[in-house]
Amino acid sequence: MPTALSFPSSARLSGLNSDSQSSHITSSVSAMAANTEQTFIAIKPDGVQRGLVGEIIKRFEQKGFKMSGMKFLQASEDMLKQHYIDLKDRPFYPGLVKYMGSGPVVAMAWEGLNVVKTGRVMLGETNPADSKPGTIRGDYCVEVGRNIIHGSDSVESAKKEIKLWFKPEELVSYKSCAKDWIYE
Ligand code: UDP
Ligand code: MG
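The structure presented is a predicted model; accordingly, all values stated were derived computationally and were not measured.

(A) A look at the sheet that holds strand β1 (residues 38-43). With antiparallel pairing, the four strands of this open sheet are ordered in space as β2-β3-β1-β4. Of all strands in the sheet, those with a lone pairing partner are β2 (66-73) and β4 (149-151), marking the two edges. The average undirected angle you get between the axes of adjacent strands in this sheet is 15°. As paired elements, β1 and β4 share three bridges and run antiparallel to each other. Within the sheet, the bridge partner assigned to Ile 43 lies in β4 and is Ile 149. This element, helix α4 (residues 53-63), spans β1, β2, β3 (105-111) and β4 of the sheet and lies at about 5° to β3.

(B) Molecular detail of the packing of aromatic side chains. Under the defined criterion, the tally for this structure stands at three aromatic pairs. Ring geometry for Phe 40 and Phe 166: centres 6.4 Å apart, planes at 75°, overall edge-to-face. With Phe 40 in strand β1 and Phe 166 in the loop between α9 (155-165) and α10 (179-182), this pair connects stretches of sequence that are 126 residues apart. In this structure Phe 166 comes out as buried when scored by relative accessible area, which is 5%. Positioned above the aromatic ring of Tyr 174, the side-chain terminus of Lys 66 is 4.6 Å from the ring centre.

(C) Region of the structure containing α4. Three or more residues of α4 are buried, namely Ile 56, Ile 57, Arg 59 and Phe 60. The arc enclosing the buried residues of α4, seen along the axis, measures out at 150°, which places them on a common side. Residues of α4 that are exposed and angled more than 90 degrees away from the buried face: Gly 54, Glu 61 and Gln 62. Where α4 is buried, its residues contact β1, β2, β3, α7 (115-123), α8 (136-140) and β4. Phi for Gly 64, located one or two positions after α4, is positive at around 115°.

(D) Quick look at the layout of surface pockets. The volume enclosed by the second largest pocket comes to roughly 780 Å³. Secondary-structure elements contributing two or more residues to the lining of the second largest pocket are α5 (77-83), α6 (93-100), β4 and α9. Considering every element that reaches the lining of the second largest pocket, the biggest residue donor is α9, with five residues. For the lining of the second largest pocket, the class distribution of residues is nine nonpolar, 11 polar and 10 charged.

(E) Broad picture of the packing of α4 against α7. Where α4 meets α7, the closest approach of the two axes is 12 Å, and the angle between their N-to-C directions is 135°. The angle between the axes of α4 and α7 places the two elements in the oblique class. The two elements α4 and α7 cross, and the hand of that crossing is right-handed. Here α4 contributes Arg 59, Phe 60 and Lys 63 to the contact with α7, which in turn contributes Thr 118, Gly 119, Met 122 and Leu 123. Across the contact of α4 with α7, the residue classes tally to three nonpolar, two polar and two charged.

About the criteria used
- Residues numbered from 1 in each chain as written.
- Chains lettered and ligands numbered in written order.
- Predicted model: local features only at pLDDT ≥ 70, side-chain atom pairs only at ≥ 80, totals over all residues.
- Heavy atoms only, no water.
- Pairing = 2+ DSSP bridges.
- Helix = DSSP H or I, 4+ residues; strand = E, 2+ residues; numbered from the N terminus.
- Axes fitted to C-alpha atoms, helices over the stretch in contact; angles between N-to-C directions.
- Contact = heavy atoms within 4.5 Å.
- Phe/Tyr/Trp six-rings, centres within 6.5 Å; stacked < 30°, edge-to-face > 60°.
- Buried < 20%, exposed > 50% of the residue type's maximum accessible area, 1.4 Å probe, protein only.
- Lys NZ or Arg CZ within 6 Å of the ring centre and 35° of its normal.
- Arc of directions from axis to C-beta.
- 1 Å grid on protein atoms, 1.4 Å probe; cavity = no way out; pocket = protein on both sides within 12 Å on 5 of 7 lines; lining within 4 Å.
- Points joined across faces, edges and corners; volume = space filled by probe spheres on them.
- Nonpolar A, V, L, I, M, F, W, Y, C, P; charged D, E, K, R; others polar.
- Parallel < 35°, antiparallel > 145°, perpendicular 65-115°, else oblique.
- Left-handed = near helix turned anticlockwise from the far one by under 90°.

Nothing here speaks to function; it is geometry throughout.
Next comes the structure, spelled out in C-alpha cells:
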C-alpha cells in the first residue's frame, strides 16, 4: 500500500526531471491537505423523525466523502443558541432553536476535497422550494423551517461547529481503503 507521502506512481515511472518531479510532489502534498477539509453536517430532528438518516448518510458515503465523527443526541438550548449565534437577531431564531432542540439530531463530521462547498451543493438551498430535485432538501422537504439538514457554509464555520459539537477524542483519524480509488 502506498504510504501517505509516497510518490504518485505516474511520477515514479515517468522519469520526470527533478524540477517537475518536485512540483508534482508539492502539488500532491497540497492536494492531500485539501483532501482533509472537514465540514459539519447535522440531520435535524425532522430528518431523524422522518426516517431519513440512512438516506442522508448514504449520499455522503456514496459521493466518496469520509466520515470522521458521528453522534446521536438531543442538543441543549445553550448549544443550539451558540450554534446559530450569527442568526440571533433574526425573527426566526427562537423558533429555530426550539425546532432544533425538539428531538434527537445526528451530528457528523465529513472529510474530503472541497467537502464544505460540495456538501452545501448536496444539501440544496436553505429554502427547499428553491432547491433542485437531486439535492437533499430538494428531494425530501417542503418548508424552510423544516429543512431536515444543516451543513457548514465555510471552512471557518466548519471548524467552529466541529469544535462546538465534538470533543477532539470523538473525531477519528483513519485511512479509508477507498482513498486511492477516489483521489488521483
Ligand atoms: N431558517 C428559517 N427561516 C428562514 C431562514 C432560515 O427557519 O427564513 C432556518 C432554517 O432551518 C435554516 C436555518 O434557519 O436551515 C439556518 O439559516 P441559514 O440562513 O444559516 O441557512 P442554512 O445555512 O441552513 O442553509
Ligand atoms: Mg447556515
